[in-house]
Amino acid sequence: MKALVWHGKEDIRCDTVTDPEIQDPRDAIIKVTSCAICGSDLHLFHNFIPGMLPGDIMGHETMGEVVEVGSGVDGKLKKGDRIVVPFTIICGECDQCKRGNFSVCETTNRKRHLADKVFGHATAGLFGYTHLTGGYPGGQAEYLRVPFADATHIKVPAGIPDEQLLFLSDIFPTGWQAAVQCDITPTDTVAIWGCGPVGQMAIRSAILLGANQVIAIDCLPERLSMAEAGGATTINFETESVLERLKELTDGRGPEKCIDCVGMESHVISSLPDTLLDRAKQLVMVESDRPHVLREMIYVCRPGGIISVPGVYSGFSDMLPMGAFMNKGLTMRTGQTHVNRWTEDLLRRIEDGEIDPSFVITHTVPLEQGPEMYQVFRDKRDSCVKVVLKP
């Protein structure tokens, strides 16, 4: 089959690889009908996340048709079923899964000894990501093996296009969880840093959850326009002071809730010296992340507020203002997304017409063009916000 394969830093190729096979009774094989490039795939593309090996298949936003099931799937899936595959691989049986904490499933990370050393405790297995999360082949391919398939799936109905359902795999529940973690009330101002795909979903989620005002922060015109279309007030951090604009928009109080949809690769800009220093430290490998957004959120958040972090961080972040964080009585909530906790509700919202997640798609291309589109997405060329690949 054809698949997008990691060969090293900024080297993704469309290769012919061995078709997946059933390896465990709980496995299923799907024929991929749609997949996507995620912003967190760019962290792997840049080789900022440790634990990638040449030959690893990329991708964790995938859906398709079941073509084979193992004997242990116990009737929960059958050939011909249409499913979205959550990026988190879950067993559905461990203590964390029973609590709904699916992204920290205690069973599915088959290389947990690596994660135990790096994180202290292993998290769940993830598709198409680092070997710290199991090294499972990803879904930017013609076929995908789904481990623990009896639990790791979202059945979806016929009659709704892939484009409306695909993002149940990651970015829609990720944006939703980011907003839910904020405990939004009708008087809240929610400020969201980063208007990429997850940021766009967080904007719509915060509005659906009843925020009084949503403020979106970015510098790319096409992303800011998309945020405005979703109901947000926007700030262009290249032409405006984020601190001053947030004061103006909140009568000097600061936003009650702040969401970091940027993560470890904050934009580097000469007017923000800490971003230049972070980039220099990153280049000489004395810092893994560029956490400007975290610093800024802690500084501007209203005392007693909540900071939600769906943006990916990989290791160590310098100069975080813990004094401000502690003295302002802030709460921070983070984590990879517990996808299956949210998908029943989110699928209903799609079916009822409350939201159509396909608004975020700007490019749809054949799988074979994937390597080129990684570069287009990275460079934000051609107003690229979200790429869907068709095997």
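Residues numbered from 1 in each chain as written. Predicted model: local features only at pLDDT ≥ 70, side-chain atom pairs only at ≥ 80, totals over all residues. Heavy atoms only, no water.

The test is simple: UniProt positions are given in the numbering used here, feature names are shortened, and annotations may be inferred rather than shown by experiment.
By the naming in an unreviewed UniProt entry, the protein goes by Threonine dehydrogenase-like Zn-dependent dehydrogenase and is assigned to Bradyrhizobium stylosanthis. UniProt's Sequence similarities (unreviewed entry) comment on the protein is quoted here verbatim: "Belongs to the zinc-containing alcohol dehydrogenase family." Under the UniProt heading Cofactor (unreviewed entry), the note attached to the protein is "Zn(2+)".

## Remarks on the sheet that holds strand E11 (residues 189-193)
Threshold: By the convention used here, strands pair only if DSSP detects at least 2 bridges between them. By definition, any uninterrupted DSSP run of H or I lasting at least four residues is a helix, any uninterrupted run of E lasting at least two residues is a strand, and each is numbered from the N terminus. Helix axes use the C-alpha atoms of the stretch in contact, all axes being lines fitted to C-alpha atoms, and the angles between their N-to-C directions lie in the range 0 to 180 degrees. Residue contacts are defined here by distance: any two heavy atoms, one from each residue, within 4.5 Å place the two residues in contact.
Strand order in this open sheet of six strands is E13-E12-E11-E14-E15-E16, and the pairing throughout is parallel. Of all the strands in the sheet, the pair left with one neighbour each is strand E13 (233-236) and strand E16 (331-334). Pairs of neighbouring strands in the sheet enclose a mean axial angle of 20 degrees, with direction left out of account. Against the sheet, helix H8 (residues 242-249) engages E11, strand E12 (213-218) and E13, with an angle of about 160 degrees to E13.

## Some details on the packing of helix H6 (residues 197-208) against helix H7 (residues 221-229)
Put simply, the rule is: In what follows, roughly perpendicular refers to angles from 65 to 115 degrees, roughly parallel to angles under 35, roughly antiparallel to angles over 145, and oblique to any angle outside these ranges. Two helices crossing with the near one rotated counterclockwise from the far one by less than a right angle form a left-handed crossing, whereas a clockwise rotation gives a right-handed crossing. In this count, Pro and Cys sit with the nonpolar residues alongside Ala, Val, Leu, Ile, Met, Phe, Trp and Tyr, while Asp, Glu, Lys and Arg are called charged and the others, Gly among them, polar.
Running from N to C, H6 and H7 cross one another at 15 degrees; their axes reach a closest spacing of 10 Å. Comparing their axes, H7 and H6 come out roughly parallel. Once H6 is placed against H7, the crossing between them reads as right-handed. On H7, the residues touching Gln 200, Ile 203 and Arg 204 of H6 are Arg 223, Met 226, Ala 227 and Ala 229. The residue inventory of the contact of H6 with H7, partitioned by class, reads four nonpolar, one polar and two charged.

## Digging into the environment of Thr 133
Definition in use: Accessibility here uses a 1.4 Å probe with only protein chains present; expressed as a share of the type maximum, an area under 20% marks a residue as buried, one over 50% as exposed, and anything in between as partly exposed.
Secondary-structure assignment places Thr 133 in the loop between strand E8 (125-126) and strand E9 (143-146). Look at Thr 133 and you get buried, because its relative accessible area is 5%. Along the backbone, Thr 133 and Ala 122 are 11 residues apart, and their C-alpha atoms lie at a distance of 7.8 Å. In this structure, Thr 133 is in contact with Asn 109, Thr 123, Ala 124, Gly 125 and Leu 126, ignoring residues within four places of it in sequence.

## Digging into the nonpolar core
Soluble globular proteins tend to bury their nonpolar side chains together. Rules: By convention a nonpolar core is built from buried Ala, Val, Leu, Ile, Met, Phe, Trp, Tyr and Cys residues, the set being connected through side-chain atoms within 4.5 Å. These domain limits were set by an automatic method or by a database of domain assignments.
By size, the foremost hydrophobic cluster in this structure holds 94 residues, and its most contacted members are Leu 165, Phe 167 and Leu 168. Two domains each put at least three residues into this core: domain 1 (2-170 + 337-390) and domain 2 (172-334). Not counting chain neighbours up to four residues away, the residues in contact with Phe 167 comprise Ala 36, Glu 61, Phe 172, Pro 173, Met 201, Pro 357, Ser 358, Val 360, Ile 361, Lys 386 and Val 388. If you look at the next biggest cluster of nonpolar residues, it comprises 18 residues, including Ile 235, Val 242, Val 300 and Val 309.

## Looking at the packing of aromatic side chains
Aromatic rings considered in pairs are described by the distance between their centres and by the relative angle of their planes. Using the following cut-off: Between the rings of Phe, Tyr and Trp (Trp by its six-membered ring), a pair exists once the centres lie within 6.5 Å; its type follows the angle of the planes, with under 30 degrees stacked, over 60 edge-to-face, and the other angles tilted. To sit over a ring, a charge needs its Lys NZ or Arg CZ within 6 Å of the ring centre and within 35 degrees of the ring normal.
Within this structure, the stated rule accounts for one aromatic pair. Above the plane of the ring of Phe 377 lies Lys 380, whose end atom (NZ or CZ) is 5.7 Å from the centre.

## Notes on the domain arrangement of the protein
Quoted interface sizes are often the accessible area lost when the parts come together. To keep it simple, the criterion reads: Once two parts are joined, some of their accessible surface, as seen by a 1.4 Å probe, is lost; buried area is that loss totalled over both.
Assigned domains within the protein: domain 1 (2-170 + 337-390) and domain 2 (172-334). Here domain 1 and domain 2 have C-alpha centroids that lie 26 Å from each other. Each partner contributes to the interface: domain 1 provides 32 residues, whereas domain 2 provides 22 residues. Regarding the contact of domain 1 and domain 2, the summed buried area is about 2,500 Å², with carbon and sulfur atoms giving 72% of it. By the criterion of area lost to domain 2, the three top residues of domain 1 are Phe 48, Trp 342 and Phe 359, representing 25% of everything that side buries. Those elements that place two or more of their residues in the side of domain 1 that touches domain 2 are helix H1 (39-45) and helix H12 (339-351). Here the side of domain 1 that touches domain 2 takes six residues from H12, the largest share from any one element. Class assignment for the residues of the side of domain 1 that touches domain 2 results in 19 nonpolar, seven polar and six charged.

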